[in-house]
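# Observations on the model geometry
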Amino acid sequence: MSRTRMNVAVGVIALIVAALVPQLALAGTVDIYDGQGSDFAPLNAYFTGQGYTVNQLISTWTSLAGANFVDLILPSTVSAGQLATIDAYVAGGGRLLLNSEYDSYPPNGIAADNQILASLGSTMSILSTSSVTGYHNTADIVSNAFTAGVSLINYGDTSSISLGSGTALAYGDPGTDNTQLFVAYQAIGAGDVFVITDSDTADNINSTTTNNNGILYCDFGGLSCAGTTSSVPEPSSLLLVGTVLLGAAITVKRKLIS
């Protein structure tokens, strides 16, 4: 191969690497508000373990800018400014998960979540109900792009969802629970709002050998995680391929020059 052709080849490979490196941003950001105080730690461990940046929101949060996925867990109140921010985030293509609890759980997040759903223009609402106490595993999962790779969800006592024109995703186990609808979503503008009427799905997200809670959350967020069916390459794989290509090209060029 002539030196001119070699220079062209190295240049092309460098361009490929330059195109791959920005894909590292695919790791993205997950914003989490934890109104209970015990759910952030397991979610943070899970998502950081997958290579994502996790931000913990405080009750007076004012921005969701830059978040690929937002999970609001048991909010007790939501301000007019926060509602406007949520509306703009979802309408602009954001993915929002609302976690509530069963009716007598303090705080259950139901009123604030319903306020958010109404502000978004969603036809879904959360009902003040309670299912069977204790932990359950359900395989009653609706086949959907947002449940890809999910065959079992571990959860606790839940409230239930009035669906409206939303889409059902999972029901309580028919053997140990009340077959209540507790996971659903609705497309809003360019984005999506998801509802899980339980926070134990977050608590148990790292029990990956016994449930698919982590995959469910990643499906909701459009995130590429271990165990998901996403076709998006992992950032570490992209970097490795790019580094190998560029290194090989430089090595060959040096040999030719010498």
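Attention in this report is confined to the structure presented alongside it. (Residues numbered from 1 in each chain as written. Predicted model: local features only at pLDDT ≥ 70, side-chain atom pairs only at ≥ 80, totals over all residues. Heavy atoms only, no water.)

### Section: the overall build of the protein
- On a plain count of helices and strands, the protein comes out with seven helices and eleven strands.
- Within the protein, buried positions represent 47% of all 258 residues.
- Contacts spanning at least 24 positions in sequence make up 67% of the contacts within the protein whose residues lie at least 6 apart.
- In the form shown here, the protein has an accessible surface area of approximately 11,300 Å², with 58% of it arising from carbon and sulfur atoms. (Helix = DSSP H or I, 4+ residues; strand = E, 2+ residues; numbered from the N terminus. Buried < 20%, exposed > 50% of the residue type's maximum accessible area, 1.4 Å probe, protein only. Contact = heavy atoms within 4.5 Å. Areas by Shrake-Rupley, 256 points an atom, 1.4 Å probe, with all protein chains shown as cover.)

### Describing the nonpolar core
- Phe47, Tyr217 and Phe220 are the most contacted members of the largest nonpolar core, which totals 33 residues.
- Elements supplying a minimum of two residues to this core: strand 1 (29-34), helix 2 (40-49), strand 3 (69-73), strand 7 (153-155), strand 9 (167-171), strand 10 (181-188), strand 11 (191-196) and helix 6 (213-221).
- Among the elements that take part in this core, helix 6 stands out by supplying five residues, more than any other.
- Beyond its immediate chain neighbours, meaning those up to four positions away, Phe220 contacts Phe69, Arg95, Leu97, Phe146, Leu169, Val183, Phe194 and Ile196.
- Counting residues in hydrophobic clusters, the runner-up holds 27 residues, among them Leu57, Leu83, Tyr89 and Val193. (Core = buried A, V, L, I, M, F, W, Y, C linked by side-chain atoms within 4.5 Å.)

### Thoughts on the sheet that holds strand 9
- The seven strands are arranged 2-1-3-4-11-10-9 in an open sheet whose pairing can be described as mixed. Bordering the open sheet on either side are strand 2 (53-57) and strand 9, each of which pairs with just one other strand. Across the sheet, the mean angle from the axis of one strand to that of its neighbour is 15°, orientation sign disregarded.
- Of the strand pairs in this sheet, strand 4 (residues 95-99) and strand 11 are connected by five bridges, and their pairing is parallel. Of the residues in strand 11, the one forming a bridge with Arg95 is Asp192.
- Against the sheet, helix 3 (residues 80-91) touches strand 3, strand 4, strand 10 and strand 11, its axis set at about 130° to strand 4.
- Against the sheet, helix 4 (residues 110-120) makes contact with strand 3, strand 4, strand 10 and strand 11, and its axis sits at roughly 150° relative to strand 4, the strand it touches most. (Pairing = 2+ DSSP bridges. Axes fitted to C-alpha atoms, helices over the stretch in contact; angles between N-to-C directions.)

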